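Read off the chains here:
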Amino acid sequence: MENVLRPLIVIGGSVLLTLIIGWATDRLMRKADERHSETTLWGLLRHARFPYQLVLCTALLRGSYDEAELLQEHHVGIGRVLTLVLIGAAAWLAIRIAAAVVETTYSRYARVHRDPARVRRVRTQVTLIMRVVSAVVGVVAVAAMLLTFPAMRAAGASLLASAGILGIVAGVAAQSTLSNMFAGLQIAFGDMVRIGDTVVVDGEWGTVEEITLTFLTVRTWDERRITMPVSYFTSKSFENWSRGGAQMTGTVFLHVDHSAPMEAMREQLRDILRGCPAWDGRDYGLAVTDSTPSTMEVRALVTAKDADDLWTVRVTVREQLIHWLTERHPYALPRVNATDAVLPPGFPVPGPVTGRLPARRTHQHDHQPTARPDRP
């Protein structure tokens, strides 16, 4: 009877004690979350209750398993499994706690600072820091798991002796990966490009959607995703339209006739922009930038708070200006002149051409061959 009750008491007591401690801890964090509504720390820490309870239960079982006297022939194996689960659960809990602390710090920073560029920079750094922390904790957890095996501890000395050679070989073999990792850190803390920035890479315009230690994802205007190694942004030039502020200035070019009413076009441009919500009201203008024998080039200058609004303003101005010219001033549209040119005063006007045209000389090779007569 004792052989049955002892394992049940040890295992059941460990599970019951875990549930009680977990419930009490969750209640305390819920009250703290309600009391401190200005921070999201306690609410985020509640998401880590499962790995927390797993650590508690595994630790209690690992400490009291010897008293259970259950499956003594597998005593070493079961103890090692519990140790591995405890290490993995502790690593999981550490990552969740670090994520909660970092996310709370970022949220507080985002509420205090209203500059979108600085907030995006901190967001990029926070994301990469969490990836580095997760990778480090994972590597340490795996190393700790391996060290629980006696064979791995015995091989540790030989592995340490050959670590230098292995490091050189791995460095040569993973040059591109290591360069991308260092480039990711350089991007995060060098403030070269941030999540949410509008960039132009290889002729493609889009918004930076994700930055990792090895690659960067750009979402284009037509919702395609371009994945590029982060080393591209440290080795090649690219356009960052959000650098130093998201507001932008754009142009719209039109080709019109030389008789186009420029003052009326300026007034119409002003009315179009006033009716366009995407225009930020900073500046506008209309000027003739070039002239050809048949048309002149007119440039409309507009502004907007970001690249998306600038695109909206440009297409709106182009469409409505062309429509206005078609409705009110159709003569101002580009046209091909087919009338006689107006000659300057005093220029002699040539008279009509009279007389016959000279007869065309016939050459021998101009004659067509005669038809071949039918054979008899």
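Conventions and cut-offs
Residues numbered from 1 in each chain as written. Predicted model: local features only at pLDDT ≥ 70, side-chain atom pairs only at ≥ 80, totals over all residues. Heavy atoms only, no water. Axes fitted to C-alpha atoms, helices over the stretch in contact; angles between N-to-C directions. Helix = DSSP H or I, 4+ residues; strand = E, 2+ residues; numbered from the N terminus. Parallel < 35°, antiparallel > 145°, perpendicular 65-115°, else oblique. Left-handed = near helix turned anticlockwise from the far one by under 90°. Contact = heavy atoms within 4.5 Å. Nonpolar A, V, L, I, M, F, W, Y, C, P; charged D, E, K, R; others polar. Pairing = 2+ DSSP bridges. Salt bridge = Lys/Arg side-chain N within 4 Å of Asp/Glu carboxyl O. Buried < 20%, exposed > 50% of the residue type's maximum accessible area, 1.4 Å probe, protein only. Phe/Tyr/Trp six-rings, centres within 6.5 Å; stacked < 30°, edge-to-face > 60°.

A. Just the packing of helix H11 (residues 262-274) against helix H12 (residues 307-328), in detail. At their nearest, the axes of H11 and H12 sit 10 Å apart, and the two run at 135° to each other. Judged on the interaxial angle alone, H12 and H11 are oblique. Crossing of H11 over H12 shows right-handed handedness. Contacts between H11 and H12 involve Ala264, Met265, Gln268, Leu269, Ile272 and Leu273 on the former and, on the latter, Val313, Thr316, Val317, Gln320, Leu321, Trp324 and Leu325. Its residues assigned to classes, the contact of H11 with H12 shows 10 nonpolar, 3 polar and no charged.

B. Quick look at unusual backbone geometry. With a phi angle near 70°, Glu223 is a residue other than glycine that sits in the positive phi range. Here Glu223 is to be found in the loop between strand S3 (215-220) and strand S4 (225-229).

C. Quick look at the pairing of strand S2 (residues 204-211). In the sheet, strand S1 (residues 198-201) pairs with S2 via 4 bridges, with the strands oriented antiparallel. The partner of Val199 across the bridge, within S2, is Gly206. Linking S1 back to S2 in an antiparallel pair, the connection comprises 2 residues, with Asp202 at a positive phi of about 55°. As defined by bridge partners, S2 adjoins S3 across 5 bridges and the pair is classed as antiparallel. The residue bridging Thr207 from the neighbouring strand is Arg219, located in S3. From the end of S2 to the start of S3, which pair antiparallel, there are 3 residues.

D. Summary view of the sheet that holds S1. Sheet architecture is open: 5 strands sit in the order S4-S3-S2-S1-S5, paired in antiparallel fashion. Sheet topology places S4 and strand S5 (239-240) at the edges, where each strand pairs with a single neighbour.

E. Layout of the pattern of salt bridges. Tallied over the full model, the rule gives 11 salt bridges. The salt bridge involving Asp309 is made with Lys305; its shortest N-O contact spans 3.2 Å. Here Asp309 falls in the buried class, since its relative accessible area comes to 18%. Through salt bridges with shared partners, a single network forms among Asp26, Arg30 and Arg49.

F. Representation of the pairing of strand S6 (residues 248-256). Burial along S6 is one-sided: Met248, Gly250, Val252, Leu254 and Val256 are buried, while Thr249, Thr251, Phe253 and His255, pointing the other way, are not. As judged from the 9 bridges shared by S6 and strand S8 (residues 296-304), these two strands associate in the antiparallel manner. Paired with Thr249 across the bridge in S8 is Thr303.

G. Here's a closer look at the packing of aromatic side chains. The tally for this structure, following the rule as stated, stands at 2 aromatic pairs. Each ring, one from Phe50 and one from Trp92, has its centre 5.6 Å from the other, and the planes form 65°; the classification is edge-to-face. Note that Phe50 is positioned in helix H3 (residues 49-68) and Trp92 in helix H4 (residues 75-112), a separation of 42 residues in sequence. For Phe50, a relative accessible area of 51% puts it in the exposed group. The class for Trp92 is partly exposed, based on a relative accessible area of 33%.

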